[in-house]
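The chain contents come next:
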Amino acid sequence: MQDWWRGSVTYQVYPRSFQDDDGNGIGDLKGITRRLPHIASLGVDAIWLSPIFTSPQADMGYDISDYTDIDPLFGTLADFDALIATAHDLGLKVFIDQVLSHSSAEHPFFRESRQSRDNPRADWYVWAEAHPEGSPPTNWLSVFGGPAWEWDTRRRQYYLHNFLPSQPDFNYHNPAVQDWALSVLRFWLERGIDGFRLDTVNYFFHDARLRDNGPQPYAEALPPVNPCDMQDGVYSKSRPENLKWLERIRGLLDEYDARATVGEVGDAPYRAVRIMADYTTGKRLHMAYSFDMLGPDYSAKHFRSRIEGFFTGAPKGWPMWAFSNHDVTRHVTRWSDHGTTDAIARQAACLLLSFEGSICLYQGEELGQLETEITFQELTDPPGIRFWPDYKGRDGCRTPMVWDASALAGFTTGTPWLPIKPPQRERNVADQMVDDTSVLAHYRRMIAFRRATPALITGKTRFVDLPEPLLAFTRGTGTGAVLAVFNLSPDPHNLLVEGQAALTGPGLAADLAGRRLSLGPNAVAFLKPTGDQPISLRHTT
Ligand code: TEU
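No experiment lies behind these values; they were computed from the predicted model shown.

So, how was this worked out
Residues numbered from 1 in each chain as written. Predicted model: local features only at pLDDT ≥ 70, side-chain atom pairs only at ≥ 80, totals over all residues. Heavy atoms only, no water. Helix = DSSP H or I, 4+ residues; strand = E, 2+ residues; numbered from the N terminus. Rg over C-alpha atoms; globule rule 2.2 N^0.38 Å. Buried < 20%, exposed > 50% of the residue type's maximum accessible area, 1.4 Å probe, protein only. Areas by Shrake-Rupley, 256 points an atom, 1.4 Å probe, with all protein chains shown as cover. Lys, Arg positive; Asp, Glu negative; His and termini not counted. Charge placed at Lys NZ, Arg CZ, Asp CG, Glu CD. Contact = heavy atoms within 4.5 Å. Near = heavy atom within 4 Å. Polar contact = N/O pair within 3.5 Å; in protein donor to acceptor, adjacent residues only side chain to side chain. Nonpolar A, V, L, I, M, F, W, Y, C, P; charged D, E, K, R; others polar. Phe/Tyr/Trp six-rings, centres within 6.5 Å; stacked < 30°, edge-to-face > 60°. Pairing = 2+ DSSP bridges. Salt bridge = Lys/Arg side-chain N within 4 Å of Asp/Glu carboxyl O. Axes fitted to C-alpha atoms, helices over the stretch in contact; angles between N-to-C directions. Parallel < 35°, antiparallel > 145°, perpendicular 65-115°, else oblique. Left-handed = near helix turned anticlockwise from the far one by under 90°. Core = buried A, V, L, I, M, F, W, Y, C linked by side-chain atoms within 4.5 Å.

K.L.:
What is the right way to look at the overall build of the protein chain in this model?
P.N.:
Scanning the protein chain from terminus to terminus reveals 14 helices and 22 strands. A compact globule built from 541 residues should have a C-alpha radius of gyration of about 24 Å, and the protein chain, at 24 Å, falls within 12% of that. The C-alpha extent of the protein chain, read off along each of the three principal axes, is 80 × 50 × 50 Å. Taken over 541 residues, the protein chain has a buried fraction of 60%. Accessible area of the protein chain: about 20500 Å², with a carbon and sulfur share of 54%. Across the protein chain, the mean location of the 53 positive side-chain charges is 4 Å away from that of the 67 negative side-chain charges.

So, in structure tokens, the structure goes:
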């Protein structure tokens, strides 16, 4: 099916931390292949592998030095082929991560580019003169701290890096760079992958006139931890030229059958929805995600505004929603003020898997996994080291997958690259697999319910006006419609149901007696119409 990705569920694998089969403490492709049946047993459609390509690992693989080979840490191209074959046998599609906006400084292209101002790759990265008094060409700041420019002594010029100085940005104004990037994508398409997750998809182009960024329009009491967040990055990213480039990428994908792209949009919250809309409308990306639902907000108003905002702004676009990934604090920890760990884990699963769009789960969330508390000595993530302790970096969500309760969690026989601590070991696959009341069992039921309910896959969303902390929306129309109701708090609430209805699906802490719907702590109710009339809700006390 050409459009398999619409409404699909993807499971993100963070390869360094999924399964280590060679005992070096870092996960690998053979390990992932061996564990694919676990992922398939969840009932998801696809996996997304974070980067596995040759890399100095300064940003854990998001700094690539050879785009068409596998890092020996993870295995070989033959191991990759075996992984794809096994995934396909299990009915799983495979997205791979493409980090094409910047490379590693160790990439042969950058080594060449920095040699002189007139070598064949001189214009493949973003080079610019210092201001007369020596300061960088613009005021742009790096997401990982400090200026976005690094001085190079040989060229006597600055080069642009939106992330680490060891992650120089490619110059996409140069058509040769675009052609090369397409050849990389083609290499992997030919190898049989089903799609790409495109890293930092709005960072490909910078303002060719090198204009300075201005301040963010909103003022905060205290400056943010990273002053980069004080800038409105209108000139360093999300440039209009990007649209044509995304069209070229789509043109390539369309040469192949049933492939898909999902782009990561990192921009100010008030702008990200519009960018996602622009990027997924017409012949550009298939899907896009932002950091919209990866933040602290767990309110009805927030979820409603994100979803309504997207579909109003992009009636023909397509979002991918996620609550956790390898860049943010795990959501059960992030939202712990709104209920117990298990209640949040279960409710969030129902919420996410009821949303209109495609869904991405992050490894371990099916166990209700918590963020790991990391000490300064244990840190590996560069922005964590730089901004400690006000920002602790991303190691806490990247600790190894917990397969069983043993000290090394069934992850490795060596020393794990990040620690596996007791609170994480309590939430393991072995224990939850045999427990029908576990978070894992709940995820399986909820994914199966979504799969079996066409309204949840492609039905349009209509929100019901209710006061906080209640969130309700209908997906689809007619007898196939589903009304999803959530109490986003630990305090009980009641609603009156108008029209004939019955509970369906894997609801939580909800009871329907006559017309009265009682919602316990973090309750979820899925209602289906049992008569001809649509159902609606009224708030009561
Ligand atoms: O993340 C991109 C990223 O960190 C930004 O989009 C940022 O969050 C945003 O600008 C804030 O508004 C991707 C990867 O997911 C991450 O792991 C890498 O470290 C990063 O790119 C660099 O490749």
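K.L.:
Mind showing me how you'd approach the side chain of glutamine 98 here?
P.N.:
For glutamine 98, the location among the structural elements is in strand 5 (residues 93-98). Glutamine 98 gets classed as buried once you look at its relative accessible area, which sits at 2%. Dropping the residues within four chain positions of it, glutamine 98 is found in contact with Phe53, Val184, Leu185, Trp188, Phe196, Arg197, Leu198 and Asp199.

K.L.:
Sorry, what's going on with the site of the ligand here?
P.N.:
Taken together, the neighbourhood of the ligand is formed by 18 residues, with Asp59, His102, Asp199, Tyr203 and Asp327 sitting nearest. One of the side-chain N or O atoms of glutamate 264 is found 2.9 Å from an oxygen atom in the ligand. A distance of 2.9 Å is found between an oxygen atom of the ligand and a side-chain nitrogen or oxygen belonging to arginine 394. Summarising the interface, the protein chains cover 88% of the accessible area of the ligand, which totals 510 Å² for the free molecule. Grouping the amino acids of the shell around the ligand by side-chain chemistry returns five nonpolar, five polar and eight charged.

K.L.:
I would appreciate a short explanation of the environment of glycine 31 in the present structure.
P.N.:
Topologically, glycine 31 is positioned in helix 1 (residues 29-42). Linking glycine 31 and glutamine 424, residues 393 residues apart in sequence, is a C-alpha distance of 20 Å.

K.L.:
Help me understand the packing of aromatic side chains, please; the structure alone is not making it clear to me.
P.N.:
Between two aromatic rings, the relevant description is the distance of the centres plus the angle of the planes. Within this structure, the stated rule accounts for 44 aromatic pairs. A ring pair is formed by phenylalanine 80 and tryptophan 188, whose centres lie 5.1 Å apart and whose planes are at 75°; its orientation type is edge-to-face. One end of the pair, phenylalanine 80, is in helix 2 (residues 77-89); the other, tryptophan 188, is in helix 4 (residues 175-190), with 108 residues separating them in the sequence. Exposure class is identical for phenylalanine 80 and tryptophan 188. Each is buried.

K.L.:
Is there a simple way to explain the pairing of strand 9 (residues 195-198) in this structure?
P.N.:
The two faces of strand 9 match: Gly195 and Arg197 on one face and Phe196 and Leu198 on the other face are all buried. Of the strand pairs in this sheet, strand 5 and strand 9 are connected by four bridges, and their pairing is parallel. Pairing of phenylalanine 95 across the sheet is with glycine 195, part of strand 9. With four bridges connecting them, strand 9 and strand 12 (residues 260-264) associate as parallel partners. Among the inter-strand pairings, phenylalanine 196 is bridged to a residue of strand 12, identified as threonine 261.

K.L.:
Quick question: what am I supposed to make of the pattern of salt bridges here?
P.N.:
Side-chain pairs of opposite charge can arise where the charged atoms are in close proximity. As enumerated under the stated definition, the model contains 38 salt bridges in all. The shortest N-O distance in the salt bridge between arginine 427 and aspartate 342 comes to 2.7 Å. Separated by 85 residues along the polypeptide, arginine 427 in the loop between helix 11 (422-425) and helix 12 (429-433) and aspartate 342 in helix 9 (residues 341-352) bring together distant segments of the chain. Across the salt bridge formed by glutamate 356 and lysine 460, the nearest N and O atoms sit 2.7 Å from each other. Remark: lysine 460 occurs in the loop between helix 14 (454-458) and strand 16 (461-463) and glutamate 356 occurs in the loop between helix 9 and strand 15 (358-362); sequence separation between them is 104 residues.

K.L.:
Can you walk me through the sheet that holds strand 7 (residues 149-152) in this structure?
P.N.:
Note on sheets: strands pair through backbone hydrogen bonds, and any given pair is parallel or antiparallel. Read across the sheet, three strands follow the order 6-8-7 without closing on themselves; strand pairing throughout is antiparallel. Since the sheet does not close on itself, it has two edges, and those belong to strand 6 (127-128) and strand 7, each with one partner. One ladder, built from two bridges, connects strand 6 with strand 8 (residues 157-160); its direction is antiparallel. When the sheet's bridge partners are listed, tryptophan 127 is paired in strand 8 with tyrosine 159.

K.L.:
Teacher, can you tell me more about unusual backbone geometry here?
P.N.:
Omega for the peptide link from tryptophan 388 to proline 389 comes to -5°, which places this bond in the cis form. With respect to the element layout, proline 389 can be found in the loop between helix 10 (382-387) and helix 11. The step from glutamate 468 to proline 469 runs through a cis peptide bond, and the omega angle for that step is 0°. Mapping proline 469 onto the fold places it in the loop between strand 16 and strand 17 (470-475). Positive phi outside glycine occurs at serine 238, with the angle close to 50°. Tracing the backbone through its elements, the reader meets serine 238 in the loop between strand 11 (231-232) and helix 5 (242-253). Judged by its relative accessible area of 18%, serine 238 falls in the buried class. We note that asparagine 522 has phi near 45°; this positive angle belongs to a residue other than glycine.

K.L.:
Sorry if this is basic, but what is going on with the packing of helix 1 against helix 2 here?
P.N.:
Each pair of packed helices can be summarised by the angle the axes make with each other and by the distance between the axes. One can describe the packing of helix 1 onto helix 2 by two numbers: an axis separation of 9 Å at closest approach and a directional angle of 10°. By the angle between their axes, helix 1 is roughly parallel relative to helix 2. Here helix 1 contributes Leu29, Lys30, Ile32, Thr33 and Leu36 to the contact with helix 2, which in turn contributes Asp79, Phe80, Ala82, Leu83, Thr86 and Ala87. By residue class, the composition of the contact of helix 1 with helix 2 is seven nonpolar, two polar and two charged.

K.L.:
I tried to follow the packing of helix 9 against helix 13 (residues 439-452) on my own but got confused; where do I start?
P.N.:
The interhelical angle for the contact between helix 9 and helix 13, taken along N-to-C directions, is 15°, at an axis separation of 9 Å. Overall, the two elements helix 9 and helix 13 adopt an arrangement that is roughly parallel. Of the two possible hands of crossing, helix 9 and helix 13 adopt the one that is right-handed. Of the residues in helix 13, those in contact with Asp342, Ala345, Arg346, Ala349, Cys350 and Leu352 of helix 9 are Val439, His442, Tyr443, Met446 and Arg450.

K.L.:
Before we go on, may I ask you to explain the nonpolar core in this structure?
P.N.:
Within the largest apolar cluster, 135 residues are counted, with the highest numbers of intra-cluster contacts made by Leu49, Phe80, Tyr172, Trp180, Trp188, Phe303 and Phe355. The leading source of residues in this core is helix 4, at eight residues. Those residues in contact with leucine 49 that sit more than four places away from it in its chain are Val13, Ile32, Phe80, Leu83, Val94, Phe95, Ile96 and Asp97. One finds Leu517, Leu519, Ala523 and Leu537 within the second-largest nonpolar core, a separate group that totals 15 residues.

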